[in-house]
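Chain residues, written in single-letter form:
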Amino acid sequence: MGRTVPRLFALAALLLLVSAAPATAQKKGRAEVDAALADILQGRRVTAAVSRLKYLGVGTYACEVLTRYARSGDVRQRRDVAEALSDLATPSCEPTLRGMATDPETSIRVASARGLGRLARTSPALWLLLADKASGVRREAAKALGSAHSKDSGPRLLDAAEAEGEPEVREAMIVAAAAVPNPKLVPRLEKFLKQSSESTRLAAARALCLQGAPSGIAVAKAKLQGTTRYERRDGVQLLDGAPLKASGPLLRPLLEVRPVDPYVAAPAARVLHRAGEKKMVEWLVVEASDAAADARGPFEEALEALQVTDAERKNILRARLLE
């Protein structure tokens, strides 16, 4: 009963706020907005509720309402509100997301870092989170700083990586540091190739590939020539985000070998598409259509990652039939 009463007050306040909602929110369906916000505050189907608010196009209004609960309520409610604000990540959420960087609850600080990362802006709050006592917070802060694509962040992220004791956090810092091309970082990144930790060496190689550095491309090439599927998949992953002039010559041959290995070729096609080869969508659709049922999964996963619609797939297959 003690926890129910505050929630009832919260919902009563919410109803007042929704009744005063701007015309944009009311036009999109006041009842749906009301229900989605209530679900978040009551901890019911939070992810689905946020998706609904985004679909309705009322993210800014939802952020304004939910911000009122970011510092109130029990930990569960504050955590759900933080996750919702992080996922909505509209510009109006930014002040609240920055404020959550000092919350005593670890999961809320993680949400703060993720939300600021989705806004793709460098913020003093992210540098604060990069020095957080919780490794999960530091990892998310590093990823967020990489998402901001600030050239000035690279050296500072490598400073943090050199002092970081947790391998997973160090790897995130190394990759994030290379998000923006900066030749001055290459010698520092190459030092990580000599680390005893294999995961750190792979992170350094990935970062060097992002920079288009020959030392990183050489590691990826060696992996792609490996005798096992897992080595070749590692090689593909290292080239994800690398310039097309570096990744193309290494990845295209994987699509030409017959029979193709779907667990290597499909990720390679996805990486090539993201690097600029738009025809890879057509290749994936055709391969998915021709593949046996038990080999179709990797192609479908790649198409889903590239957000290819059913209509696009039908058009590609129809054009193929007309050839």
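Refer to the structure above for everything that follows.
Presented here is an overview of the structure given in this document. Throughout this description, residue numbers start from 1 for each chain and increase along the sequence as written. Given that this is a predicted model, residues contribute local features only at a pLDDT of at least 70 and side-chain atom pairs are listed and counted only at 80 or more, while totals for whole chains, interfaces and linings are drawn from all residues. With hydrogens and water set aside, each side-chain value is computed from the structure's full complement of heavy atoms.

**Thoughts on the overall build of the chain**
Condition: Counting from the N terminus, the helices are DSSP H or I runs at least four residues long and the strands are E runs at least two residues long. The buried label applies to any residue whose accessible area, calculated with a 1.4 Å probe on protein chains only, is under 20% of its type's maximum; exposed applies above 50%, and partly exposed to all values in between. Two residues form a contact once any of their heavy atoms are found within 4.5 Å. Calculation of accessible area relied on Shrake-Rupley with a 1.4 Å probe; when residues are assessed, cover is drawn exclusively from the protein chains displayed. Positive residues here are Lys and Arg, negative ones are Asp and Glu, while His and the chain termini are left out of the count. Here the site of a charge means atom NZ of a Lys, CZ of an Arg, CG of an Asp or CD of a Glu.
Helix and strand counts for the chain come out as 21 helices and 0 strands. Overall, the C-alpha framework of the chain stretches about 65 × 55 × 30 Å when taken along its three principal axes. Within the chain, the fraction of its 323 residues that count as buried is 48%. The long-range share in the chain, meaning contacts at least 24 apart out of those at least 6 apart in sequence, stands at 59%. Counting every atom, the chain has about 16300 Å² of accessible surface; 54% of that belongs to carbon and sulfur. Between the averaged position of the 49 positive side-chain charges in the chain and that of its 38 negative side-chain charges there is a distance of 3 Å.

**Overview of the environment of Thr-227**
Turning to its location among the elements, Thr-227 is positioned in the loop between α15 (214-224) and α16 (229-238). For Thr-227, a relative accessible area of 74% corresponds to the exposed category. Residues Thr-227 and Ser-72, spaced 155 residues apart in sequence, show a C-alpha to C-alpha distance of 56 Å.

**Structural notes on the nonpolar core**
Applied cut-off: In these notes, a set of buried Ala, Val, Leu, Ile, Met, Phe, Trp, Tyr and Cys residues joined through side-chain atoms within 4.5 Å is what counts as a nonpolar core.
Leu-53 and Leu-66 are the most contacted members of the largest nonpolar core, which has 65 residues in total. The greatest single-element share of this core, amounting to 6 residues, is contributed by helix α12 (residues 167-177). Dropping the residues within four chain positions of it, Leu-66 is found in contact with Leu-37, Ile-40, Leu-41, Val-81, Ala-84, Leu-85 and Leu-88. In terms of nonpolar packing, the next biggest core, distinct from the first, is built from 36 residues, Val-236, Ala-265, Ala-266 and Leu-303 among them.

**A word on the side chain of Arg-78**
Mapping Arg-78 onto the fold places it in helix α6 (residues 75-88). Excluding residues within four positions of it along the chain, Arg-78 makes contact with Tyr-69, Ala-70, Arg-71, Ser-72, Gly-73, Asp-103 and Ile-108.

**Some details on the state of the cysteines**
What counts, and what does not: When two cysteine sulfur atoms lie within 2.5 Å, the pair is treated as a disulfide.
Enumeration according to the criterion identifies 1 disulfide in this entry. Note on cysteine connectivity: Cys-63 is disulfide-linked to Cys-93, with sulfurs 1.8 Å apart. Of this pair, Cys-63 sits in helix α5 (residues 59-67) while Cys-93 sits in the loop between α6 and α7 (94-99), placing them 30 residues apart in sequence. Look at Cys-63 and you get buried, because its relative accessible area is 0%. Here Cys-93 falls in the buried class, since its relative accessible area comes to 0%.

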